[in-house]
Number of protein chains: 4
Amino acid sequence: MTVELRSDNAASVSPAILEAMATVNSGSALAYGGDEVTAALENRVREVFEHPTARVFPVLSGTAANALSLSALTPPWGSVVCHETAHIMTSEGGATSLLAGGAVMTGVAGEGYKMAPEALQAHLDGVRWGDPHHSQPTVLSLTSPSDYGTVYSVPEISELTGIAKTRDLRVHLDGARFANAVVATGATPADLTWRAGVDVLSLGATKNGALSAEAIVCFSEAPADELVYRTKRSGHVTSKMRYQSAQLLAYLTDDLWLRNARNANERMRELCAGLGSLGIPLLNSPDANLVFAEIPDAVADRLETSGVLFYRLGGQVRFVTSWETTPEEIDGVLGCLGRQADPR
Amino acid sequence: MTVELRSDNAASVSPAILEAMATVNSGSALAYGGDEVTAALENRVREVFEHPTARVFPVLSGTAANALSLSALTPPWGSVVCHETAHIMTSEGGATSLLAGGAVMTGVAGEGYKMAPEALQAHLDGVRWGDPHHSQPTVLSLTSPSDYGTVYSVPEISELTGIAKTRDLRVHLDGARFANAVVATGATPADLTWRAGVDVLSLGATKNGALSAEAIVCFSEAPADELVYRTKRSGHVTSKMRYQSAQLLAYLTDDLWLRNARNANERMRELCAGLGSLGIPLLNSPDANLVFAEIPDAVADRLETSGVLFYRLGGQVRFVTSWETTPEEIDGVLGCLGRQADPR
Amino acid sequence: MTVELRSDNAASVSPAILEAMATVNSGSALAYGGDEVTAALENRVREVFEHPTARVFPVLSGTAANALSLSALTPPWGSVVCHETAHIMTSEGGATSLLAGGAVMTGVAGEGYKMAPEALQAHLDGVRWGDPHHSQPTVLSLTSPSDYGTVYSVPEISELTGIAKTRDLRVHLDGARFANAVVATGATPADLTWRAGVDVLSLGATKNGALSAEAIVCFSEAPADELVYRTKRSGHVTSKMRYQSAQLLAYLTDDLWLRNARNANERMRELCAGLGSLGIPLLNSPDANLVFAEIPDAVADRLETSGVLFYRLGGQVRFVTSWETTPEEIDGVLGCLGRQADPR
Amino acid sequence: MTVELRSDNAASVSPAILEAMATVNSGSALAYGGDEVTAALENRVREVFEHPTARVFPVLSGTAANALSLSALTPPWGSVVCHETAHIMTSEGGATSLLAGGAVMTGVAGEGYKMAPEALQAHLDGVRWGDPHHSQPTVLSLTSPSDYGTVYSVPEISELTGIAKTRDLRVHLDGARFANAVVATGATPADLTWRAGVDVLSLGATKNGALSAEAIVCFSEAPADELVYRTKRSGHVTSKMRYQSAQLLAYLTDDLWLRNARNANERMRELCAGLGSLGIPLLNSPDANLVFAEIPDAVADRLETSGVLFYRLGGQVRFVTSWETTPEEIDGVLGCLGRQADPR
């Protein structure tokens, strides 16, 4: 048995997506996004997000999606306000500072990797507005689901963006696992984004069945107009863009993205239920497809020996389910843990 | 009849490459390049280039390959010396200036889009070395084949890099169509690059049958050590890198890259021979797979009507052949031109 | 005899300016521009330029004034169009590319270091507007007087800015020697700048009697609002700004700036008249205070021996007069040249 | 009575420094640092710091000194580790991120604005070294005196730099008030800097009697070689540099810098002693010339009415003494506070 629970990044590509790439692989097409597939993608995004003028920029990594989005939302002297654990601040090698011309990031606290409204308010209240000695908050960046597997509800997003808008901050949502948030909340994509005050969304697909495809979705014109240039000059306009767009189009067709995310979330629910039955303490609120749990080292060792792949940090383990995790795999993992927990 | 002669970028993907991507799509794999396919690619590159320590960074666009390569070769106060028509200076939206922290590019003249050694020498002789008022030349960037379809021979490259090395410039080769240069010159990849003084190569694959895959190949350690960080923070490390690496590995396997390039170059030779027979003047020396020709507007109009796709600029046309152009297509194009030339 | 004709940068400081600095040196004052002298300077600039809302940013070098001005006028993906000999492109070490986030500069031709309107028009006509592969011209930067000592007339400026405005370029004037241009043309500061379409002026003072003081003068709000932040984060807001402002205020008071420039220009006229009488060929049209002349090496050698300081380049020499050059010094130089020309 | 206790930045210029500027104001001199005064300054710095190859770059603001120093010490993907209250992180508008190509800053905790060795160690232990997802610590930046008026002893600096060196970090010291630290510790400039592991020092002079003059002092070659270019392209090479150098040379001559700092520190000691006698609680350890104290609002109001200038934040006040604060002024302030404290 090999069960991959290290990362949804380690999963393979959905057959429908690979097929879509093969389908566009006939005949020639204009390079750099001037193709019909990219146009169809933009239309599909507008339907899915119920937004008639949304604009879409396919890119190839989550870091590119985030840093480019932010570069189009902040002037170089701005500060991007995010949770102190945000991926953009801790795990993207300073990409935003590079692509946004030296903009900085400022971490704000909150339980479960979710920004606390009062912490955001306090931060904004403490700023010396208009004083160039101090980086000026210009963007609020939220992450949902967070790297801790927690998800913001629509009211939670609205409350935070409402505070941000009182100071004219623009709003970015890092949705590397956005589909999992849609499934977890049951809210519509529109309600989770522009109707809740989000200006630009990093819409992930790679972790949920695509090959290498993320999309920047702009709900207003200004950042989109900038991204025409910013994507190109950072090397993020692929010549054969139709292969990117085809992935994303397939992803958003026939609810593939939601079906994939639903599988990941449901397998996580089963896993968590099983862990609970076994008396294993969970460390986070696993709203989506990530759980952190406390497992004794010896147990973790044996789980690894059984072929389960996962990350360990001290006495903690992280399990991530994906679009291709099966109920049988979850049963297998729980069975393995059960046998170990059982002293007989 | 539809014949695609606009750009090799408009061609589709080689079946062997699409297949290779499907093949790695089973089971999971470590993200961000920590996979076996990427390791195999590096080994393959070392064989192909006869260089035991070459290092490889798969990226997704030629602009990324060039700008990242140059950012790892020049300090921010440097000047990248290139032909005055170089793609990096005219057609990449300032990517190098962005990623290299404000470095500038300086154009040098030469016939047929190829830098003249005496022009390079004169430029270097005119520099106020060590004077910070003046951008200091730090990198020589050559393009072969050029955007004009011309190719540098090994001695031509060596002469230019020799001049550059007298002033300690490092050398970059923009090889967006490198395979076509290998085929055109008959030289080995090693002779065309590191043995001729090239430090870093942008090795293109997308125009020659890959989906979205270019590789930065470093023949020395220092730029490679930087690129570990520079690729990440510009968003050019894909999580599912194995799909990039698989394309490049297939590309370099069983001489696919050379077979593809050979087809493009041979179709171009046939096309040029035919154009010559028809008395149509060629404007460049079509060493590889691009030709510029003078065709009366009326003739070009009718060619377009017949389904031939190509670019026009005033009285000039550009034809580009690709890995999938067929002899029948060339015959068709020539036949169409012949009928028009024939007044009967 | 020592006569300084190398550069107006080598001159000393006008007594009135040094005195003004001493005068503000009593009592304390708020740092970072929050002082009364800086406020008085802004008012004075508004009077001198007949512009009720002009805004002023004192900085400390011409490179800072230029690069900061341009950074506030162009997005990072823009191209600054300037004469191919412009100081910003050739002699500021890439400062604009750094401070403007990787923007590029594009040289346009023209006689006597002055941009030819038809060359500007041709350049703009050749741009692929809206295509992110190509840097988009966003700013026209003119230099008057040029580094060749030539000066644009008001109609010449208007013609160029008129062409630029048809494509929505903003306009910068590098006026490192602006006072010399005012004196040379007899035009008002307003006519030479905002009334002729200039948005931002680099107003030099250092070469014309100040210690280290240049001013960025903005005739529109948007760049000024950016410069509040851009000056600070590039380290160009001095804490004791009143000493900067005092220099500039004294400079613009009682026409000191024009009196200084008038001296430099008149000494140059005398020098040129004398050179002409001696049959020495002038290479440029010395509208302001710089002349390039052809002098045999032996003559130049003896001139140097006599204590005259100037720059030589091959058979050419450059003479620059300044606010403190005296008629006696010009006589001395001409006398020395005359004796040499006279074989007796 | 007017007593300036807002900031040492608000003080005037030492007569000896203004005089030195007037002295160099005779005759002409080569621009951009090629003058004799700048050469003499470098020699003087080498004597004062007992370092035969130290190199000096005069600049015009503390922000420039810090951001340029750091840009020469870190690659763009690096992280500058500093105290979480460091001026470079909180009060320079992101200058370091701009000039260092998007490098980031990371705050580490510690009492009294001084970094705790164990916090530094813990931070370095937590880094994923070599992983490009995570900004790599490359520079340790210390501030002494801190913005809280606290000063590191030589052993404290050595302990921190020792930890940093185990991970090959380079070390920067923000010495905007360095003279006050020299006086406060009684240590030599050499012992406080390079002998304790400091590679580059921002040596402030503006807050301590200069007009607008700070110096970057490099104790190793590599950053100095970069600064030749980095100072120029950020606009920080003044043409008439001799006026900058003259200030710094006078500052370091006849111990003017130490005499000025000694006055500031001694006045602070008198002030603190007096505040203590009056039972006013001090919030910091005022090692140098800054104190934070708790004064009831009503008392602060009356102090302001009496003509004492200082900053208030809630119930706290900040007093800063300078080179020109007199014992009489301190007496006056204390007298005023005493009268208020006395209910009769």
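Residues numbered from 1 in each chain as written. Chains lettered and ligands numbered in written order. Predicted model: local features only at pLDDT ≥ 70, side-chain atom pairs only at ≥ 80, totals over all residues. Heavy atoms only, no water.

You'll find chain A entered in an unreviewed UniProt entry as Threonine aldolase, with Nocardioides panzhihuensis given as the organism. Checking UniProt for chain A, the heading Cofactor (unreviewed entry) contains the comment "pyridoxal 5'-phosphate". The UniProt entry for chain A carries this comment under Sequence similarities (unreviewed entry): "Belongs to the threonine aldolase family." (UniProt positions renumbered as here; feature names shortened; annotations may be inferred.)

**Structural notes on the relation of the copies chain D and chain C**
Each of the two chain copies can be brought onto the other by rotation about an axis and movement along it. Between chain D and chain C, which share one sequence, the superposing operator has a rotation angle of 180° and an axial displacement of 0.0 Å; the RMSD is 0.0 Å. This pairing of chains is accounted for by a two-fold axis. Of every C-alpha in chain D, the one belonging to Ser234(D) sits nearest the axis of rotation, 3.5 Å from it. (Least-squares fit on C-alpha atoms with pLDDT ≥ 70 in both.)

**Quick notes on the pattern of salt bridges**
Applying the stated criterion to the full structure yields 66 salt bridges over all chains. Glu226(A) is the partner of Arg230(A) in a salt bridge, and the nearest nitrogen-oxygen pair spans 2.8 Å. Here the residue Arg230(A) and the residue Glu226(A) both occupy positions in helix α10 (residues 221–233), the gap between them amounting to four residues, near one helical turn. When its relative accessible area of 12% is taken as the criterion, Arg230(A) is described as buried. Owing to a relative accessible area of 24%, Glu226(A) belongs among the partly exposed residues under this scheme. The residue Glu304(B) makes a salt bridge to Arg312(B) at a minimum N-O spacing of 3.1 Å. Since its relative accessible area comes to 28%, Arg312(B) is described here as partly exposed. Shared partners join several salt bridges into a network, and the residues in it are Asp297(A), Asp301(A), Glu304(A) and Arg312(A). (Salt bridge = Lys/Arg side-chain N within 4 Å of Asp/Glu carboxyl O. Helix = DSSP H or I, 4+ residues; strand = E, 2+ residues; numbered from the N terminus. Buried < 20%, exposed > 50% of the residue type's maximum accessible area, 1.4 Å probe, protein only.)

**Here's the deal with the packing of aromatic side chains**
Residues and elements named next belong to chain A. Summed over the entire model, instances satisfying the criterion amount to 32 aromatic pairs over all chains. On the basis of an interplanar angle of 10° and a centroid distance of 4.5 Å, the ring pair of tyrosine 113 and tyrosine 148 is categorised as stacked. With a gap of 35 residues between them, tyrosine 113 in the loop between β4 (104–108) and α6 (117–125) and tyrosine 148 in the loop between β5 (136–143) and α7 (154–165) connect regions that are remote in the sequence. One cation-aromatic arrangement involves lysine 114 over tyrosine 152; the distance from NZ or CZ to the ring centre is 5.6 Å. (Phe/Tyr/Trp six-rings, centres within 6.5 Å; stacked < 30°, edge-to-face > 60°. Lys NZ or Arg CZ within 6 Å of the ring centre and 35° of its normal.)

**Here we look at the nonpolar core**
Counting residues in hydrophobic clusters, the biggest one holds 109 residues, and the most contacted among them are Trp257(C) and Trp257(D). Setting aside its immediate chain neighbours within four residues, Trp257(D) contacts Val48(D), Phe178(D), Ala179(D), Val182(D), Pro189(D), Leu203(D), Asn208(D), Tyr251(D) and Leu252(D). Core analysis: the second largest hydrophobic core is formed by 108 residues, Leu41(A), Ala196(A), Phe219(A) and Ala210(B) among them. (Core = buried A, V, L, I, M, F, W, Y, C linked by side-chain atoms within 4.5 Å. Contact = heavy atoms within 4.5 Å.)

**Quick notes on the domain arrangement of chain A**
All names here are of chain A. With domains assigned, chain A is organised as domain 1 (3–10 + 260–341) and domain 2 (15–251). If you average the C-alpha positions of domain 1 and of domain 2, the two centres end up 28 Å apart. Each partner contributes residues to the interface: domain 1 has 17 residues there, and domain 2 has 16 residues. Summing both partners gives a buried area of about 1500 Å² for domain 1 against domain 2, and 51% of it is carried by carbon and sulfur. The interface formed by domain 1 and domain 2 contains one salt bridge. With a shortest N-O distance of 2.7 Å, aspartate 8 and arginine 177 are connected by a salt bridge. Put simply, domain 1 and domain 2 have nine residue pairs in polar contact (both at pLDDT 80 or more) between them. For the side of domain 1 that touches domain 2, the element with the most residues is helix α12 (residues 256–277), which contributes five residues. (Domains from an automatic or database assignment. Buried area = accessible area lost by both parts, 1.4 Å probe. Polar contact = N/O pair within 3.5 Å; in protein donor to acceptor, adjacent residues only side chain to side chain.)

**Quick notes on the interface of chain C and chain A**
Each partner contributes to the interface: chain C provides 17 residues, whereas chain A provides 17 residues. For the pairing of chain C and chain A, the buried interface totals around 1600 Å² over both sides, and the portion due to carbon and sulfur atoms is 67%. When residues of chain C are sorted by the area they lose upon contact with chain A, Trp77(C), Tyr229(C) and Arg233(C) head the list and together hold 43% of the total. One can count zero salt bridges joining chain C with chain A. At the junction of chain C and chain A, the tally comes to four residue pairs in polar contact (both at pLDDT 80 or more). Per-element accounting of the side of chain C that touches chain A gives the leading share, six residues, to helix α10 (residues 221–233) of chain C. Its residues assigned to classes, the side of chain C that touches chain A shows seven nonpolar, five polar and five charged. (Nonpolar A, V, L, I, M, F, W, Y, C, P; charged D, E, K, R; others polar.)

**What about the interface of chain D and chain C?**
A common way to report how large an interface is uses the accessible area buried once the components associate. Each side of the interface is counted separately: chain D has 49 residues, and chain C has 49 residues. Regarding the contact of chain D and chain C, the summed buried area is about 3700 Å², with carbon and sulfur atoms giving 52% of it. The largest per-residue losses of area from chain D upon contact with chain C belong to Leu98(D), Arg233(D) and Lys240(D), which jointly make up 19% of the total buried on that side. Here chain D is connected to chain C by zero salt bridges. Summed over the shared surface of chain D and chain C, the number is 23 residue pairs in polar contact (both at pLDDT 80 or more). For the side of chain D that touches chain C, a count of residues per class yields 21 nonpolar, 19 polar and nine charged.

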